[in-house]
Amino acid sequence: MNEVRRVISIVVENESSVLSRVAGLFAGRGYNIETLTVAPIPNSKRSRITIATKGDERTIAQITKQLNKLIPVYEVVEHNEMVEKEMVLVKFPLSEPLADIEVLCEAYNGTIVNVGVDMCIGMVADEPCRIKHFIEASARFNPIEIVRGGVVAIER
Amino acid sequence: MQMNGAQMVCEALVAEGVKTVFGYPGGAIMNVYDAIYKQDGFEHILNRHEQASVHAADGYARASGEVGVAMVTSGPGFTNAVTGLATAYMDSIPLVVISGQVPQILLGTDGFQEIDAIGISRPCTKHNYLVRDIAELPRILKEAFHIARTGRPGPVLVDIPKDITAEMGEFVYPESVDLPSYMTIPKVESSAIELAVEAILKAKKPLIYIGGGAVLSNASEAIRAFAELSQIPAVETLMALGVMGAENPLRLGMLGMHGNYASNMAMSETDLIISLGARFDDRVTGKLSEFAQYAKVIHVDIDPANISKLVAVDYPIVGDVKEAVEMLVSGLKGKVQTKQYDDWREILARYDALYPQSFEDSDEIIKPQWVIERLGETLGEEAIVTSDVGQHQMWAAQHYPFDRPRQWINSGGLGTMGFGLPAALGAKKAFPNKTVINVTGDGSILMNVQELVTASEYKIPVINVILNNHFLGMVRQWQTFFYEERYSETDLTFQPNFKALAEACHGIGYDVTTKEEFDMALKDAIEQDKVAFINIQVARFENVLPMVPANAALNNMMLPKIANPDKGEK
């Protein structure tokens, strides 16, 4: 069957064991987690977990249903029409041309966020496919370290 | 009212109407046991192993429909209970299990008898709690019972650190629960029912397929009325035996790996499956890609996750089985023609005549199937029958005439050896006036045999019928068929003296080698007020048939030799 990529938002009770319930469900039933982000929802006792996953349509449907069965889960949203962003931090050596790095970051709606004695850090927040392209493009500047965040999404 | 956490636990159990708690004390749960000592709201049964406590609570729940309650200590007490939790989880049995935990100050320090109970039990409970504040305890206990018994039922664990059971707090037991994130019972949509009714009226070969959910939903009466009205034949899973009643002319039998010929052929040829609280388990479907290839599927299930999990469903109906079936009956009334499916039932009757559920009896040696049929003739509807897991379980399922739901208690989903005896204790506690028989094997019975002592101490006289073939029979059967008779570690010739073992535990034992001896032993055991072992030497190499080999299509059955080729056409 055809694998599709899907972003799922899960609104949960903000309690200590809830992330392990969600992650454990994915592990126990053999579902994929491509990225996972979690943070409290402002002004509430709830948190939002955003998971990017892959699977055939039946698997995705099962993931949604199984998540809904978890007691501390309020809402599961399978995103279709969404704005989806991911963040990446890249550390470059200052032996590379700083101006060129800055131009690259700006091309991807990013910027240089820190410059030290021998390195600088670029930050880009954009759609996941653009992040992938940015990482590919930054390879020519010999990055020392690349730290990718998970996906966050909001329904349009 | 001010009281400590331990007293709160007792008060909550009383408030929930709990009459019997099965358990085993230990360090971290001692405060609660101290409170139990001082109360008389419920009885406590001291099992001799925590696994048995949970199985006993489970047997109690299956027999009565009430929430079963077990209590264990932390660490090894809890880990021993895990098999019981998983058994109940797989069969959706409502339990509340209370475990002690190390004091909060020791949590996460690898303290003595500390284990992460919440982490371990997460995949085998419907929900679990670690209590972190005495103020939360009454609410959590209330929620635990509510979650266990509503929606798709299941076991709930409440893990309570020792300092919480010692701490004083204000006890007000909540009257209701406030769980906005918890879906209980989705209301059956009448539009879904209408579509299903249309599909039933259009079908030529419809088949009612009944699962354990029908028992949990107490839907037996409604389902019998549905079948009666529509004259649609029905098959039952291992978990649903008794829903239709053995004598019901519309009941074809059990389907699946050890289902009878007519049931499996019906499922293979039907054009409309009406699934009522069943979940298309692999032991039912056989090879999935060849399962019921001509069928559209109506699937009634309280758990939306079961719908289209394994088999694509054309007419999903989410909700309580009983409610949905009652709505189907109203929808079909006046529309369905009673003769509509006569041809289909005739085909199935021919299949049943061709290969009825049968076995070749013997005068020289007791056949295990004979024992079950004899039990059925002698006890019939009166008895509750529990079982362990293996050949004896399948023979009991095939040959005992179950007439009502909750009469047959076994571990279907997890397949837990050692379930039968403690479950029988639980069932007998729920129904002290009924005869409770545990059909077991010489392998399974040793996996919780210590419960003989519990049975004797509390005078819970259950009768264990041991079909003794000196083999781990079901594994041996697979080795015969699929491993060229290499009987790797399945020969149980070296075994205890079962009669003496029962007697050593203050019970009564019988060694049986003839049919007459069995009749006498059973009669005597029923009259005695003691836990009994009836140890029966049965035919060693008898196989459970029919059998669908693992991952073969459901109509690809190994059949017994004595079919009736003259009775069927084809």
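Since the model is a prediction, treat every value here as computed from it, not as a measurement.

Engineer: What is the right way to look at the domain arrangement of chain A in this model?
Structural biologist: Note on interface size: it is often stated as the accessible area lost on association of the parts. Residue and element names in this part refer to chain A. For chain A, the assigned domains are domain 1 (4–80) and domain 2 (83–155). Each of domain 1 and domain 2 has a C-alpha centre, and these two points are 28 Å apart. Between domain 1 and domain 2, the contact holds 12 residues from the first and 8 residues from the second. Summed over both sides, the interface of domain 1 with domain 2 buries roughly 670 Å², with 52% coming from carbon and sulfur. Applying the counting criterion to the domain 1 and domain 2 interface returns 1 salt bridge. Taken together, the connections running from domain 1 to domain 2 amount to 4 residue pairs in polar contact (both at pLDDT 80 or more). For the side of domain 1 that touches domain 2, the secondary structure elements donating two or more residues are β1 (4–13), β2 (35–40) and β3 (46–55). Its residues assigned to classes, the side of domain 1 that touches domain 2 comprises 4 nonpolar, 6 polar and 2 charged.

Engineer: Explanation requested: helix α3 (residues 50–64) of chain B in the structure shown.
Structural biologist: All names here are of chain B. Over its 15 residues, α3 runs 21 Å from end to end, which matches the ideal 21 Å to within 8%, given 1.5 Å per residue. Across the 15 residues that make up α3, a large majority, 14, are buried. Positive phi shows up at glycine 65, right after α3, with a value of about 85°.

Engineer: Please clarify how the packing of aromatic side chains should be interpreted in this entry.
Structural biologist: Two numbers describe a pair of aromatic rings. These are the distance of the centres and the angle of the planes. Residue and element names in this part refer to chain B. Inspection of every chain in the model, using the stated rule, returns 18 aromatic pairs over all chains. Pairwise contacts between aromatic rings join Tyr209, Phe280 and Phe291 into one cluster. The positively charged end of arginine 476 is found above the aromatic ring belonging to phenylalanine 471, 5.7 Å away from the centroid. Lying over the aromatic face of phenylalanine 471, arginine 540 brings its terminal NZ or CZ to 3.9 Å of the ring centre.

Engineer: Just to check I follow, could you spell out the nonpolar core for this structure?
Structural biologist: Side chains of nonpolar character tend, in soluble globular proteins, to be buried together. Ile200, Ile223 and Phe226 of chain B are the most contacted members of the largest nonpolar core, which totals 66 residues. Counting residues in each nonpolar core, the second largest holds 45 residues, with Ala63, Leu421, Val462 and Val531 of chain B among its members.

Engineer: It is not clear to me how the domain arrangement of chain B should be interpreted in this structure. Could you clarify?
Structural biologist: All names here are of chain B. Partitioning chain B into domains gives domain 1 (2–169), domain 2 (190–354) and domain 3 (368–537). Each of domain 2 and domain 3 has a C-alpha centre, and these two points are 31 Å apart. Opposite the 18 residues of domain 2 that make contact, domain 3 presents 17 residues. Of the roughly 1,400 Å² buried where domain 2 meets domain 3, counting both sides, 62% is carbon and sulfur surface. On the domain 2 side of the interface with domain 3, the three residues burying the most area are Leu238, Leu241 and His258, jointly 40% of the side's total. For the pair domain 2 and domain 3, the number of links is 0 salt bridges. Our count for the domain 2 to domain 3 interface comes out at 7 residue pairs in polar contact (both at pLDDT 80 or more).

Engineer: What am I meant to see in the interface of chain A and chain B here?
Structural biologist: Residue-level contacts link 15 residues of chain A with 21 residues of chain B. Approximately 1,500 Å² of surface area, both sides summed, lies buried where chain A meets chain B, with 52% of it carried by carbon and sulfur atoms. Interface area lost by chain A to chain B is led by Arg21, Arg58 and Ile71 of chain A, which between them contribute 45%. Inspection of the chain A/chain B interface yields 1 salt bridge. Linking chain A with chain B are 9 residue pairs in polar contact (both at pLDDT 80 or more). Elements that contribute at least two residues to the side of chain A that touches chain B include exactly α1 (18–28), α2 (57–69) and β4 (73–78) of chain A. If you tally residues by element for the side of chain A that touches chain B, the top one is α2 of chain A, at 6 residues.

Engineer: Quick question: what am I supposed to make of the pairing of strand β3 (residues 43–46) of chain B here?
Structural biologist: Consecutive residues of a regular strand have side chains that alternate between opposite faces of the sheet. Residues and elements named next belong to chain B. Direction of pairing for strand β2 (residues 20–23) relative to β3: parallel, over a ladder of 4 bridges. Looking across to β3, one finds that valine 21 is bridged to histidine 44. Handedness of the crossover is the feature at issue here: the chain leaves β2, passes through helix α2 (residues 30–37), returns alongside β3, and the resulting connection is right-handed.

Engineer: Quick question: what am I supposed to make of the packing of helix α10 (residues 220–230) of chain B against helix α13 (residues 321–332) of chain B here?
Structural biologist: The packing of two helices is summarised by the inter-axis angle and the distance between the axes. Residue and element names in this part refer to chain B. Two elements in contact, α10 and α13, have axes whose closest approach is 9 Å; the angle formed by their N-to-C orientations is 25°. Comparing their axes, α13 and α10 come out roughly parallel. Every pair of crossing elements has a handedness; the one defined by α10 and α13 is left-handed. Residue-level contacts link Ala222, Ile223, Ala225, Phe226 and Leu229 of α10 to Val321, Lys322, Val325, Glu326, Leu328, Val329 and Leu332 of α13. Tallied by class, the residues present in the contact of α10 with α13 amount to 10 nonpolar, no polar and 2 charged.

Engineer: Just to check I follow, could you spell out the side chain of threonine 64 of chain A for this structure?
Structural biologist: Residue and element names in this part refer to chain A. Turning to its location among the elements, threonine 64 is positioned in helix α2. Looking at threonine 64, its side chain comes within polar contact range of the side chain of glutamate 78, at 2.8 Å. Ignoring anything within four residues of it in the chain, the contact list for threonine 64 reads Ile8, Val76 and Glu78.

Engineer: What's the story with the pairing of strand β6 (residues 111–115) of chain A in this structure? I'm lost.
Structural biologist: Residue and element names in this part refer to chain A. Relative to strand β7 (residues 119–126), β6 runs antiparallel, the two being bridged by 4 bridges. Bridging from a neighbouring strand, isoleucine 112 pairs with glycine 122 of β7. Hairpin connection of β6 to β7: 3 residues between the antiparallel strands.

What counts and how
Residues numbered from 1 in each chain as written. Chains lettered and ligands numbered in written order. Predicted model: local features only at pLDDT ≥ 70, side-chain atom pairs only at ≥ 80, totals over all residues. Heavy atoms only, no water. Domains from an automatic or database assignment. Contact = heavy atoms within 4.5 Å. Buried area = accessible area lost by both parts, 1.4 Å probe. Salt bridge = Lys/Arg side-chain N within 4 Å of Asp/Glu carboxyl O. Polar contact = N/O pair within 3.5 Å; in protein donor to acceptor, adjacent residues only side chain to side chain. Helix = DSSP H or I, 4+ residues; strand = E, 2+ residues; numbered from the N terminus. Nonpolar A, V, L, I, M, F, W, Y, C, P; charged D, E, K, R; others polar. Expected span 1.5 Å × (residues − 1). Buried < 20%, exposed > 50% of the residue type's maximum accessible area, 1.4 Å probe, protein only. Phe/Tyr/Trp six-rings, centres within 6.5 Å; stacked < 30°, edge-to-face > 60°. Lys NZ or Arg CZ within 6 Å of the ring centre and 35° of its normal. Core = buried A, V, L, I, M, F, W, Y, C linked by side-chain atoms within 4.5 Å. Pairing = 2+ DSSP bridges. Right-handed = clockwise from strand over helix to strand, strands pointing away. Axes fitted to C-alpha atoms, helices over the stretch in contact; angles between N-to-C directions. Parallel < 35°, antiparallel > 145°, perpendicular 65-115°, else oblique. Left-handed = near helix turned anticlockwise from the far one by under 90°.

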